[in-house]
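# Results of the structural survey
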4 protein chains.
Amino acid sequence: MARRRDNDKRRRILDAAVRVFAKKGYFGAKVAEIARRAGVADGTIYLYFHNKEDILVSLFNEVMAEHIDGGRREVAELKGAPERLRAVASRHLRLFGGNRDLAIVFQVELRHSTRFLERFTGSWLQDYFALVNEIIEKGQMEGSLRAELPRKVATKAFFGALDEMVTSWILSHREYDLAQLAGPVVELFLDGAGARGITEPRAALAAVSSGRGGR
Amino acid sequence: MARRRDNDKRRRILDAAVRVFAKKGYFGAKVAEIARRAGVADGTIYLYFHNKEDILVSLFNEVMAEHIDGGRREVAELKGAPERLRAVASRHLRLFGGNRDLAIVFQVELRHSTRFLERFTGSWLQDYFALVNEIIEKGQMEGSLRAELPRKVATKAFFGALDEMVTSWILSHREYDLAQLAGPVVELFLDGAGARGITEPRAALAAVSSGRGGR
Amino acid sequence: MARRRDNDKRRRILDAAVRVFAKKGYFGAKVAEIARRAGVADGTIYLYFHNKEDILVSLFNEVMAEHIDGGRREVAELKGAPERLRAVASRHLRLFGGNRDLAIVFQVELRHSTRFLERFTGSWLQDYFALVNEIIEKGQMEGSLRAELPRKVATKAFFGALDEMVTSWILSHREYDLAQLAGPVVELFLDGAGARGITEPRAALAAVSSGRGGR
Amino acid sequence: MARRRDNDKRRRILDAAVRVFAKKGYFGAKVAEIARRAGVADGTIYLYFHNKEDILVSLFNEVMAEHIDGGRREVAELKGAPERLRAVASRHLRLFGGNRDLAIVFQVELRHSTRFLERFTGSWLQDYFALVNEIIEKGQMEGSLRAELPRKVATKAFFGALDEMVTSWILSHREYDLAQLAGPVVELFLDGAGARGITEPRAALAAVSSGRGGR
DNA sequence: AATGAATGAGAGTTCATTCAT
DNA sequence: AATGAATGAACTCTCATTCAT
């Protein structure tokens, strides 16, 4: 079952699935159409996947495994949380910005049910969060990130921001380069939206807002 | 009197729908079950809604109309972008934190298809974004937010962060108060995650801002 | 579920099912064809039956409940095992002889799987065997049947003989009255095939055969 | 040598088929499983059999050809209908009693459709009936069986009784020796179940036959 | 002769929606 | 206005059979 001869066929099915899931949605996608687009018979799908859901799950697992692995390797070679976060953001936005159909499947189909969302969250999303969390933690230790930062909230906010960039991009009818948003997003994440000081515009505000204390 | 009964029935159907959609997902939810839970006959549903999707759409429209309206009124009474953003965030997290089923439906079912997501994004999400965007714009004019901030990115990041808080909360098995995350999220949004160190370009400011004192 | 309005519709489905099962066999019968013949929509079948198998099971249960009940009542009014066995045999052969399709379904479809056969045997066939067994037991007590007769074997042999008459009749292309075989079958069962004696032809043999002894 | 290997493979397929048909039923049995159990590839089955049904048909034909042939030879060496019937019954019950899977296939799968039953009845069952019929006819001529006996009915009743013993044995969860029922069945067939009492028409005979002593 | 990956027709069942009452 | 029995289109998955190797 694992080692079927035609590995290319499996790939063709997955590619076709991305296209069809993106266009029709998981429930609207017919297995027969995936088969047709992949150039195989309906039944052939079931030689490579247990069932329709398994196609979607395999898609996630394989794309994500590679994405996170690559992310870890890339991050390991960089110094400092800012650079690392920039790398993660850029990688995230490039992954989806380079393949609109894949983006749609991940942003939309991934969430088509609580059960599915849970499964997804419990597996690779956890890894992804762990990666970001580690970067933040090290950033705090090295002093590039604020020590009192609540890490969990920061991780979710970082991911949530990227996630929303992708979703907005999918739905936008203007064609723009998703990846170029990596810089602004990371900058906003690092510097915040608030103004600061007088000489530099942020200074004054910084004085005011500094009273917030502990929380 | 007849009108009153009608509205009550419509309300019961919507309430039942939230519960069933949250538990089974939109596609897994059977109209018959919604009817059963609402205590009406299957056919009665169609006296109040055009079809299954219309139930979900009506749900969104009505909840959101009230949510955004209330948000606008609340924001109008506050001064300064920071306070306003805090109000929006708090309101957002309280809405969902107070009704897990509603949260599930909004976080999950809302996104079950590109078509649905588009429809949703094109209507009230646009309004929501407009509200946040206005707050940011005014914040920039009044000087509380950085003038060079890219507004669109900031709006999406703000929403994305809140959105991810809700999604994580739904999936978390620990019971915690979602609304209490409003403060940290807004703070992070305003101040950013980066430290204001010496070797960093923002060194001078960091020294100033450390004196910021209580809000 | 139990009390649906149109009881006639249920009957029509069962009648159609007998015809279709008889012609095509259980596995060859399509639910759609049963629906068509019953003059209802495909889905309607499932308002009255859980699934395809339930149609067949219901058919058996209902026909048999009535058949055995009637048999018990008829037997209760008769005196002596011979008369009673004659009544049972006659009833059995009339039931199937009067409805070839029903006979086919019972002789053939009933046995299409071990699981099905077991289910059937464990329920009404057991009742049927019990009825015959009781008749034999009383016959032994009243002296009309040989006391040393192994009752279980006799019961099975009696049923097996009737059963084979029905099966042969179904497969025979000559049209003959199945019910008229009741007399010969019961007579054979009671008197045996062996010849007896001298004055009456059986006498001598009886003497001879008596030597067969113990075995 | 090649021939030998072939025959062995064909035999392995048939053996596997008996096991699988018995366990799953004809329709539930998958050709792939038969192949797996036989230790051959799926496609290999089709080098030895035309199709799935042909496996079942071949099974019947081969088992039955040998069974009836052996029966004829055995019968030819015996004298008198009683002994011959006893031989047939014993052989019948031993065949199945010695191989539960084979019994299941013959009792159950044989009857899975009218078409199949007809085919089976038209071929070897006819031969089997002919064999029994001949024995009875000769028995009538030699005087051991009642001359007025309706031969067809008697043949069917004899077979039906044996058949039911096998079916009951398959379904019984108690393990008992099926072959030992040959004696009782034949005795019942020859002597009948009826007592030879005083008030009964066969009174005189009964007195005689009572001397036959216990079985 | 043997393999086993590929085929593709086929059917049971569900369920949103309708409409006669 | 309300009912709920009836509808029937639609779709996943299975598996006997084939055929290139």
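Right above here is the structure, for reference.
Structure report, in brief. Worth saying up front: this structure is predicted, and the values here are computed from it rather than measured. (Residues numbered from 1 in each chain as written. Chains lettered and ligands numbered in written order. Predicted model: local features only at pLDDT ≥ 70, side-chain atom pairs only at ≥ 80, totals over all residues. Heavy atoms only, no water.)

### Let's talk about the protein's contact with DNA strand E
- Near DNA strand E lie 33 residues; those nearest to it are Thr44(A), Tyr48(A), Val31(B), Lys9(D) and Thr44(D).
- The sugar and phosphate moieties of DNA strand E supply 73% of its atoms located within 4 Å of the protein.
- Between DNA strand E and the protein, one listed contact pairs a phosphate oxygen with a backbone N or O atom of Ala41(D) at 3.1 Å.
- Elements represented by at least two residues in the surface near DNA strand E include exactly helix H3 (42–48) of chain A, helix H3 (42–48) of chain B, helix H3 (42–48) of chain C together with helix H3 (42–48) of chain D.
- Taken together, the residues of the surface near DNA strand E break down into 14 nonpolar, eight polar and 11 charged. (Near = heavy atom within 4 Å. Polar contact = N/O pair within 3.5 Å; in protein donor to acceptor, adjacent residues only side chain to side chain. Helix = DSSP H or I, 4+ residues; strand = E, 2+ residues; numbered from the N terminus. Nonpolar A, V, L, I, M, F, W, Y, C, P; charged D, E, K, R; others polar.)

### Some thoughts on the protein's contact with DNA strand F
- Residues in contact with DNA strand F amount to 34 residues; listed here are only the nearest, Lys9(B), Thr44(B), Tyr48(B), Thr44(C) and Tyr48(C).
- Of what DNA strand F places within 4 Å of the protein, 70% of the atoms are sugar or phosphate.
- Between a phosphate oxygen of DNA strand F and a side-chain N or O atom of Thr44(B), the distance comes to 2.5 Å.
- Taken together, the elements giving at least two residues each to the surface near DNA strand F come down to H3 of chain A, H3 of chain B, H3 of chain C together with H3 of chain D.
- The class makeup of the residues in the surface near DNA strand F is 14 nonpolar, eight polar and 12 charged.

### Quick notes on the packing of aromatic side chains
- All chains considered together, the criterion is met by 50 aromatic pairs over all chains.
- Among the aromatic residues, those joined into a cluster by ring pairs are Phe60(A), Phe96(A), Phe106(A), Phe116(A), Phe120(A), Trp124(A), Tyr128(A), Phe129(A) and Phe159(A).
- Lying across the ring of Trp169(B), Arg100(B) places its NZ or CZ 4.6 Å from the centre.
- Its guanidinium or amino end placed over the ring of Tyr26(C), Lys52(C) lies 4.7 Å from that ring's centre, counting from NZ or CZ. (Phe/Tyr/Trp six-rings, centres within 6.5 Å; stacked < 30°, edge-to-face > 60°. Lys NZ or Arg CZ within 6 Å of the ring centre and 35° of its normal.)

### Focus on the relation of the copies chain A and chain B
- When chain A is fitted to chain B, the residual RMSD is 0.2 Å, and the transformation amounts to a turn of 180° plus an axial shift of 0.0 Å. Each copy turns onto its partner about a two-fold axis. The C-alpha atom lying nearest the rotation axis in chain A is that of Gly192(A); the distance is 1.8 Å.
- When the interface residues of chain A are mapped onto chain B, 92% of them are again interface residues, pointing to one common binding face. (Least-squares fit on C-alpha atoms with pLDDT ≥ 70 in both. Contact = heavy atoms within 4.5 Å.)

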